[in-house]
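This is what each chain is made of:
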Amino acid sequence: MSDTQSTLLAPVCMEGEILENRQVTPVTWIMKIHAPDAAPRMRAGQFVNLATSVDIVPLLRRPMSIHRVVQHMGVATGFCVLYDVIGPGTRNLHAMKKGQRIGFIGPLGNSITVPDGATRAVLIAGGVGVGPIKFVAEALLAMGMRHITVAYGSRDSDHCVPVKEVAPDGCRVLVCTDDGSVGRKGFVTEFVTDEITRGRLTPNDYVFTCGPVAMFRAVRDLLLPHGIPAEAATEEYMGCGFGVCFGCPLRQRQPDGSVEYKLCCVDGCLFPLDTLVFEGDPA
Ligand SMILES: Cc1cc2nc3c(=O)[nH]c(=O)nc-3n(C[C@H](O)[C@H](O)[C@H](O)COP(=O)(O)OP(=O)(O)OC[C@H]3O[C@@H](n4cnc5c(N)ncnc54)[C@H](O)[C@@H]3O)c2cc1C
Ligand code: FES
C-alpha cells in the first residue's frame, strides 16, 4: 500500500475562507479552512505554509501539518490545521475569525508511504506533533488497515489535546503526560516499549512519528535494535516551504554511509527515521 507522492507538483499560492477557529486546549486551536481547489490534492503527511498576516510582519508564512481534510458528500472541500499558540505568527492565527480569508501555499512536501502487506500501524506523537496524526490515521483506515494504535504524549493537561481530536473512531489511543495530569504519567516512548514487548509492534508494521527531536531520538533507539522502520515527520524552521530559500536543512545518512544535507520542505518533511542525523549523533 502506498499513498501518492506529490512533491513534483509546482507549489500553488491560494486563499481559503476560515470556517471555524476553535480552542481545544488552553494553548491549542484548530482552524478549518474552506479550500475546494486545494483540498482534493492533499495527502496524509503533507503540510501547508500559512500567511498569518496581511502586513509585512510576520514576513514569513508558518508551516503547519494538515490535520484533516474536510469532506462534503464524498468531496474534499477544505482542510484543518491544529496549532499551539507560541509566538507572533500563531498569535495572529488564533485571532482570526470565521469568514476571514487566509492565504496559504500547499499542499507541500511528501506523503506517507505504507509498505505493502502492513496490516497494523503505530502512530507516535509528542506535543504538537499530534498535528498530522488524525489525517494519517484516516488515510490508513481508508486503505483498509484496521489495527491502528496512536501513542500520544504531552506536557500536561493544559497541552493535552482531547482524544476525539487526536484520532478518528476505530483507533486505539494511548495518552500520557509528563506530570500524569491526563492518562499515564511518563513519556510516550514507554507505550512503544510496551507494544514491542507484547509483540504488537514488529518490523512488518507501519510506524509514523512526529514530535520533538528528543522524542525522535528515543523512538529511533527503541526501534532500531528490533529492525522496525519508521517514518518521521520533521519540523525544521522554514521560509518559503518549496525549496527556494534553503532555510530548512537537515542531515540524512545515505546508503553508502556518507551524510548529506537535505531540505525538510521538498525532500520531506517525511524521512525514514533511522536515516536522520541529529545534533550530537556521530557524524
Ligand atoms: C513541516 C512543519 C509542520 C508543522 N506543523 C505544525 C502543526 O501541525 N502544529 C503546530 O502548532 N506547529 C507546527 N509546526 C511548527 C510551527 O510552524 C511553528 O510553531 C510556528 O511557525 C511558530 O510561529 P510563531 O510565529 O507563532 O512563533 P515563532 O516566534 O516563530 O517561534 C516561537 C518559538 O517556537 C520555536 N519554533 C518555531 N518554529 C519551530 C519549529 N519548526 N521547530 C521547533 N521550534 C520552533 C521558536 O524557536 C521559538 O522559541 C510545523 C513546522 C513544520 C516545519
Ligand atoms: S523552507 Fe525554503 S528551502 Fe525549505
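Preceding this paragraph is the structure being described.
Turning to the pattern of salt bridges, a few remarks are in order. A full pass over the atoms with the stated rule returns 14 salt bridges. With its nearest N and O atoms 3.4 Å apart, the salt bridge here joins lysine 164 to glutamate 165.

A contiguous nonpolar surface patch, about 450 Å² in accessible area, is contributed by Ile56, Val57, Leu59 and Leu60. Within the fold, leucine 59 resides in the loop between strand 3 (47-50) and strand 4 (62-65). A relative accessible area of 65% means that leucine 59 is categorised as exposed.

Further remarks concern helix 1 (residues 88-95). Along an α-helix, residues three or four apart share an orientation, since each turn contains 3.6 residues. Buried residues of helix 1: Gly89, Thr90 and Leu93, and no others. For helix 1, the angular spread of buried residues about the axis comes to 90°, placing them on one side. Residues of helix 1 that are buried in the fold lie against strand 1 (13-23), strand 2 (28-34), strand 3, strand 4, strand 6 (75-84) and strand 7 (101-108).

Our focus in this paragraph is the site of ligand 1. Surveying the vicinity of ligand 1 reveals 20 residues, the closest of which are Arg62, Pro63, Gly89, Thr90 and Tyr237. Note that a nitrogen atom of ligand 1 is positioned 2.8 Å from one of the backbone N or O atoms of leucine 82. The contact in question runs from an oxygen atom of ligand 1 to an N or O atom on the backbone of glycine 87, over 3.1 Å. When ligand 1 is considered free in solution it has 880 Å² of accessible area, and contact with the protein chains removes 75% of it. The set of elements that each furnish at least two residues to the shell around ligand 1 consists of strand 4, strand 6 and helix 1. For the shell around ligand 1, the element with the highest residue contribution is strand 4, accounting for 4 residues. The residue inventory of the shell around ligand 1, partitioned by class, reads 10 nonpolar, 6 polar and 4 charged. Inspection of the shell around ligand 1 shows a minimum of three residues originating in each of domain 1 (13-108) and domain 3 (235-283).

Rules and cut-offs
Residues numbered from 1 in each chain as written. Chains lettered and ligands numbered in written order. Predicted model: local features only at pLDDT ≥ 70, side-chain atom pairs only at ≥ 80, totals over all residues. Heavy atoms only, no water. Salt bridge = Lys/Arg side-chain N within 4 Å of Asp/Glu carboxyl O. Patch = residues over 30% accessible without salt bridge, like charges linked within 9 Å, V, L, I, M, F, W, Y side chains within 5 Å. Areas by Shrake-Rupley, 256 points an atom, 1.4 Å probe, with all protein chains shown as cover. Helix = DSSP H or I, 4+ residues; strand = E, 2+ residues; numbered from the N terminus. Buried < 20%, exposed > 50% of the residue type's maximum accessible area, 1.4 Å probe, protein only. Arc of directions from axis to C-beta. Contact = heavy atoms within 4.5 Å. Near = heavy atom within 4 Å. Polar contact = N/O pair within 3.5 Å; in protein donor to acceptor, adjacent residues only side chain to side chain. Nonpolar A, V, L, I, M, F, W, Y, C, P; charged D, E, K, R; others polar. Domains from an automatic or database assignment.

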